[in-house]
Every structure is written in structure tokens, then in C-alpha cells.
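Chain by chain, the residues:
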Amino acid sequence: MAPNFAKKEYQFLRELGLAPRNQGCYGSGVWRGHGPTVTSINPANNQPIAEVVEASIEDYEESMVACAEAAKLWMQIPAPKRGEIVRQIGDALRTKVQHLGRLVSLEMGKILPEGIGEVQEIIDMCDYAVGLSRQLNGSIIPSERPNHMMMEVWNPLGVVGVITAFNFPCAVLGWNACIALVCGNTVVWKGAPTTPLITIAMTNLVAEVLEKNNLPGAIFTTFCGGAEIGQAIAHDTRIPLVSFTGSSKVGQFVQQTVNRRFGKCLLELSGNNAIIVMDDADIQLAVRSVLFAAVGTAGQRCTTCRRLLLHETIYQTVLDQLVEAYKQVKVGDPLEKATLLGPLHTPASKVNFEKGIDIIKSQGGKILTGGSSIESEGNFVQPTIVEISPDAPIVKEELFGPVLYVLKFQTLKEAIEINNSVPQGLSSSIFTRRPEVIFRWIGPLGSDCGIVNVNIPTNGAEIGGAFGGEKATGGGREAGSDSWKQYMRRSTCTINYGSELPLAQGINFG
Ligand code: NAD
């Protein structure tokens, strides 16, 4: 298919440094590409947008030499000065937020406010990282030995690898790169193979800032490509930390590869998130939240609500309101203002949705609304609500689309058990006003997820908290709080400033 770049509505892409045909490897500060040529496709009509020549393994090797070399320079620049570079990246993003948000919407398929929101999230991360660059503090620890001092020193790791998923084609890069950079690491990024234009546009922006400051472009190295480049990163002993975002299946494989060489992994994998609505809940608040959590991003967020647990006394009321709300959802082009539900990302995602509906039916699920894909040139499907038993095997899986399972419960204990009964452990939320329920929910016998909310949806996390989940979600924590510690190595230093050699634990050695 020939690229459609000439179309008037695609003209803004030039402002982001994109062309009808692009090179997809940014290494040693220059663009190149000797791998296969791929076409970026608009999921709303399956028409081509532009072409990208992906990185070859030779491109990878050459670029990685420069990236590892650049790490030696970057890690010696004082942290607050590295913060200043990240501040400039944030400012550069501010000038392009509308264009980049539009590109996210065009290439990934999420609606425009969500596309712009995704870019805003990186700007927030830049701001956060600038402050952090003056707070990479270690502790002073009292020594048991006279004239000794113990302290922790945090040093950069070197190179941090970042592999990202299609559904957050740039925000996840931001969570990792902003922190990794202020911590003194160079960054190697492989974006999703179906969102290469976002990868290139983001890289252009970072590259410009580095160039303006006379810094080597290799500090930020980018590869467009698929599993082959991903595997090269996983195997590469020059990369002590690989931050991987994607499915549990691929994540487990990456983790095993990285662990085999004693590297570290930061995993952000699949979710299967539940909202519990108690009998005392504010029903309107709950219904609005479920709608956003289950239908937003066409159900393609890791934090999408996939299971709705309703107390038996309010079951029918909530369901009636929700089914009514689902019927109002406008499905269509994600760039149009009134649209709430854009397309799924690829034709394969649409087929996966259709297969999922067949399995749901075969496992006793009753479709209450939706349940079909929509005849059109894009990958559109109906927002779907299903009544089903919590024991149906499909409920334990992550079906990546706008499908919501509704389940009935009688007691809080039962609801928490259902919440915790799936392999994944990313996000969860309860709607109630009762303090004893809230504290049970967030306590040791409550939700087993990494994100445990009250009276808000499962999605839409703020960057200030540590983001991530337990069990098959991988255990990683990114963005705020003390997540930065994973991007550095801790040296415990004991300094003897006396002339005696007292030993710890009172040992007398001759
Ligand atoms: P995916 O696992 O198919 O791909 C993710 C990335 O891994 C892509 O860049 C892909 O090219 C790369 N990859 C594929 N095979 C590889 C290999 N053998 N070695 C190394 N890399 C390889 O996931 P996807 O379909 O792009 O994204 C959707 C999934 O991501 C969902 O499961 C979703 O829940 C999850 N996700 C999780 C979070 C989170 O924070 N927990 C955030 C976003 C998405």
C-alpha cells in the first residue's frame, strides 16, 4: 500500500519531523535503517499513513556501542544538570503536545483527549523528574564501630533498555526515560512495531534537545522493530536493566532471558481489573466510573475494568443504568470530537474480540449489550456487557477490548475473593462510603493488586504514585514514589577515618 502522507489531514506530521518514508533507527545521533520496511496504518480505516524502515541487527550493534560509550559521559554530569536537560525535553513537549497527541490518536486509535492526555503524562513525568534530580538521596547509617561511618551512595546503572506496548506508545517511555535519564543512565528504546511514527516523533524531539546542548545523541537511542530487536535487548549484557511493558506471555519470556544473564527486569504486564460496587455506593459515581474504565481506550488499557462485581441488592439498578449508558456511546473516528469509542488497534485485535465473544458464549456467558464487531473499513467493535459466572475460564484471561463481565456477590469477603481469584494483579477499585469496608479493602486481607482504589475507576493513575501490579502483572513499579531506586545501583560504603581496625560483631582476629 502506498503511503497516504499527501492527504491534507496528515500535514501536521511534517511538524513532528515525519516524512512519507522514515528511517527507524536513531543511533550514534543519526537516523538510519537497514531492516524491513513496514507501513504504519490508521486503525480507523486501515489506510496507510507512512512507511518506516526498521532497525536491522547490524544497526542495533553499531548503535549500542555508541550508547554504552555515551553512558560514561552522561553519568558524570551532575544529576541536577541532567534534570535541566529533562526540563528542556518537557518544554519541547509542551510546544508539540497537540500534534503529538493527534499522532497518538491517529496511529494508535485512542480518542484525541486520551492521545493528548498521554503526552501530558510525559510532561508531568519531566516535571517530576526535574525535582527528583535534586533528591537522589542516600542515607547515613550509624556504625557500631568507633571512627567509622556508613552511608549509601546511589550510582547510575549505565544503559536502561525500555520495551513498550502499542496501547501507551509514548507515555510508558516517559515513565521510564525521564527517571532513567536523571538517574544518569542512557536510554535504549524499542517502541511497539505498529506505532513506529510515534517512536520517531518522540525521538526527534529528545534528539533536538540533546543536540542543542551539545550532548551525544547516543544518550537516547531508538529502534523501530519487533521481537528480534526486543530479544537483542533482552540478551545484551551492556543493558543491566530492561524495563518491559506488554503481555504477561512475552514479559515472562523476556524476564527469563534477562535473568539468565543476571540482568534486572522491571515488568509491567497484563491486567484483569475489577470494580466492586457495594450496597451503600454512590450509584451514579460508580456507573460513570465503570463507563470510563471499561470503554475508555476501547478497553485497551492495562488498567481497563474487565470485571464488575455488583452487590446483589443494587445489581439490577446498576446494570440497567450501565446498559443504558452503553447504548449512548458514540463509536467512530477517534479524531472526531463526539467519539467516545475509537477502533481496536489492528484487524487482528478485532478478530481476537470476535473469537473472545464465541468463547464467552460457549462458556455460558449471556450478552446484555454489544457483542459484535461493526461492519466498516476500520477495526470497530461494539462496547459489550456480559453476564457470566466468575468461574468461567475466559474471565481469568485478559481479553484486550471493550468487554465487561458482570458478576453478583453477597458479602465483602466473597467480592474480595473474586477480585483476587485471577492470575493478574494490576488494578482494583471499590465503591463504598463505609470506613470499615475501605480499610479492609486496602489492608492485608483486601485487594491483592498493586493499585487499590476507592470511589474512582481502575484506570487513570497519577504519576506521583508508584505504578504497577503483582502476580502475572510482573511486580514492577514505575513513575513516582521511590521507583527511581530501580534505575540506580546502591553502594553501601563503610569508611574508617581512625587508625584502629575494630571488627563488626566484636570479632577479635588475632
Ligand atoms: P506484546 O507483549 O505483544 O508486545 C509488547 C512489546 O514486546 C512490543 O514492543 C513487542 O514488539 C515486544 N516483543 C514481542 N516479542 C518479543 C520478544 N520475544 N522479546 C522482546 N520483546 C518482544 O504486548 P502488546 O500487545 O503490545 O500490548 C498489550 C499488552 O501490554 C496487554 O497485555 C497490556 O495489559 C499490557 N500493558 C501493560 C501495562 C502495565 O503497565 N502493566 C501498560 C501497557 C500495556
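Preceding this section is the structure that the text describes.
Residues numbered from 1 in each chain as written. Predicted model: local features only at pLDDT ≥ 70, side-chain atom pairs only at ≥ 80, totals over all residues. Heavy atoms only, no water.

A short note on the overall build of the chain
Defined as follows: The way it works is that DSSP assigns letters per residue, a run of H or I at least four long becomes a helix, a run of E at least two long becomes a strand, and they are numbered from the N terminus. Only C-alpha atoms enter the radius of gyration, while the globule expectation follows 2.2 Å times N to the 0.38, with N the number of residues. Contact definition: two residues touch when any of their heavy atoms are within 4.5 Å. Where accessible areas are quoted, they stem from the Shrake-Rupley method and a 1.4 Å probe; at the residue level, only the protein chains shown are allowed to cover. When charges are counted, neither His nor the chain ends are considered; positive counts come from Lys and Arg and negative counts from Asp and Glu. Charged side chains are reduced to one point each, which is NZ for Lys, CZ for Arg, CG for Asp and CD for Glu.
When helices and strands are tallied, the chain shows 13 helices and 24 strands. Whereas a compact globule of 510 residues would reach a radius of gyration of roughly 24 Å, the chain reaches 24 Å, a difference of no more than 12%. Sequence separation of 24 or more characterises 73% of the internal contacts of the chain that already satisfy a separation of 6 or more. Total accessible area computed for the chain in this model is approximately 20,800 Å², and 54% of it derives from carbon and sulfur atoms. Counting 44 positive and 49 negative side-chain charges, the chain places the averaged centre of each group 2 Å from the other.

Observations regarding the side chain of Asn204
By secondary structure assignment, the location of Asn204 is in helix α6 (residues 196-212). What Asn204 contacts, discounting residues up to four positions off in sequence, is Leu16, Gly17 and Trp31.

Quick notes on the environment of Gly138
Inspection of the secondary structure assignment puts Gly138 in the loop between α4 (112-132) and β6 (140-141). Setting aside residues up to four positions removed in sequence, Gly138 forms contacts with Glu152 and Trp154.

Examining helix α11 (residues 347-362)
Condition: Here a helix's expected span is defined as the number of its residues, less one, multiplied by 1.5 Å. Accessible area is worked out with a 1.4 Å probe on protein chains only. A residue is then buried under 20% of its type maximum, exposed over 50%, and partly exposed in between. Throughout, the arc means the angular range of directions from the helix axis out to the C-beta atoms.
End to end, α11 covers 23 Å across 16 residues, agreeing with the expected 22 Å (1.5 Å per residue, within 8%). All buried positions along α11 are accounted for by Ser349, Lys350, Phe353, Gly356, Ile357 and Ile360. Taken down its axis, α11 places every buried residue within 115 degrees of arc, on the same side. Facing away from the buried side of α11 by more than 90 degrees, the exposed set consists of Ala348, Lys355, Asp358 and Ser362. Those residues of α11 that are buried lie in contact with β15 (366-369), β16 (384-387) and β17 (403-409). Downstream of α11 by a residue or two, Gly364 has a phi angle that is positive, lying close to 90 degrees.

Details of the nonpolar core
In globular proteins that are soluble, nonpolar side chains generally tend to be buried together. For clarity, the cut-off: As used here, the term nonpolar core means buried Ala, Val, Leu, Ile, Met, Phe, Trp, Tyr and Cys residues forming a set that is joined through side-chain atoms within 4.5 Å.
Among the nonpolar cores identified, the biggest contains 80 residues, and Leu13, Leu18, Ile89, Leu93, Leu103 and Met202 are the most heavily contacted of them. The element contributing the most residues to this core is helix α3 (residues 79-108), with 12 residues. In this structure Ile89 touches Cys126, Leu181, Leu205, Val206 and Val209, once residues within four positions along its chain are discounted. If you look at the next biggest cluster of nonpolar residues, it comprises 55 residues, including Ile275, Leu291, Ala298 and Ile360.

Considerations on the sheet that holds strand β3 (residues 30-32)
Heads up, the condition is: In short, DSSP must find at least two bridges between two strands for them to pair. What counts as an axis is a line fitted to C-alpha atoms, over the stretch in contact for a helix, and the angles between N-to-C directions run from 0 to 180 degrees.
In spatial order, the strands read β3-β2-β10-β9-β8-β11-β12; together these 7 strands make up an open sheet with mixed pairing. With partners counted over all chains shown, the strands left at the sheet margins are β3 and β12 (264-268), one partner each. The average undirected angle you get between the axes of adjacent strands in this sheet is 20 degrees. Here strand β9 (residues 186-190) runs beside strand β10 (residues 220-223); their pairing, made up of 4 bridges, is parallel. In the strand pairing of β10, Trp189 is matched with Thr222. Of the strands in this sheet, β8 (159-163), β9, β10, β11 (241-245) and β12 touch helix α5 (residues 171-182), which is tilted by about 165 degrees from β9. In the packing of helix α8 (residues 248-260) onto the sheet, contacts are made with β11 and β12, and the angle to β12 comes to roughly 170 degrees.

Notes on unusual backbone geometry
Positive phi values are uncommon outside glycine, yet Ala479 reaches one of about 70 degrees. Structurally, Ala479 is set in strand β23 (residues 478-479). Look at Ala479 and you get buried, because its relative accessible area is 3%. A positive phi angle, near 60 degrees, is found at Gln505, a position not held by glycine.

Some thoughts on the site of the ligand
As a reminder, the rule being used: The cutoff for a nearby residue is simple: one of its non-hydrogen atoms must lie within 4 Å of the molecule or strand. Counted as a polar contact is a pair of N or O atoms within 3.5 Å, where, for protein atoms, one must be capable of donating a hydrogen and the other of accepting one, and residues adjacent in sequence contribute only when both atoms are in side chains. Only Asp, Glu, Lys and Arg are considered charged in this grouping, and only Ala, Val, Leu, Ile, Met, Phe, Trp, Tyr, Cys and Pro are considered nonpolar; every other residue, Gly among them, is considered polar.
Surveying the vicinity of the ligand reveals 29 residues, the closest of which are Thr164, Lys190, Ser247, Leu269 and Glu398. For the ligand, an oxygen atom lies 2.8 Å from a polar atom in the side chain of Lys190. Mapped by element, the contributors of at least two residues to the shell around the ligand are α7 (227-235), β11 and α8. Its residues assigned to classes, the shell around the ligand comprises 15 nonpolar, 11 polar and 3 charged.

Concerning the pattern of salt bridges
Applied cut-off: Any Lys or Arg side-chain nitrogen found within 4 Å of a carboxyl oxygen on Asp or Glu counts as a salt bridge.
One pass over the full model with this rule turns up 20 salt bridges. Note that Arg434 is salt-bridged to Asp280, the shortest N-O span being 3.6 Å. Of this pair, Arg434 sits in the loop between β19 (427-431) and α13 (435-442) while Asp280 sits in the loop between β13 (273-277) and α9 (283-295), and the two are 154 residues apart along the sequence. Judged by relative accessible area, which is 24%, Asp280 ranks as partly exposed.

Here we look at the sheet that holds strand β14 (residues 305-311)
The 7 strands lie next to each other as β15-β16-β17-β14-β13-β19-β20, forming an open sheet whose pairing is mixed. Looking at which strands have only one partner, the edges of the open sheet turn out to be β15 and β20 (451-454). Going across the sheet, the axis of each strand differs from the next one's by a mean of 25 degrees, ignoring polarity. For β13 and β19, the ladder comprises 4 bridges, and the chain directions are parallel. Looking at β19, one finds that Val277 is bridged to Phe431. Docked against the sheet, helix α10 (residues 315-328) engages β13, β14, β15, β16 and β17, running at close to 155 degrees with respect to β16. Here helix α12 (residues 412-419) sits on the sheet in contact with β13, β14, β17 and β19, set at roughly 170 degrees to β14.

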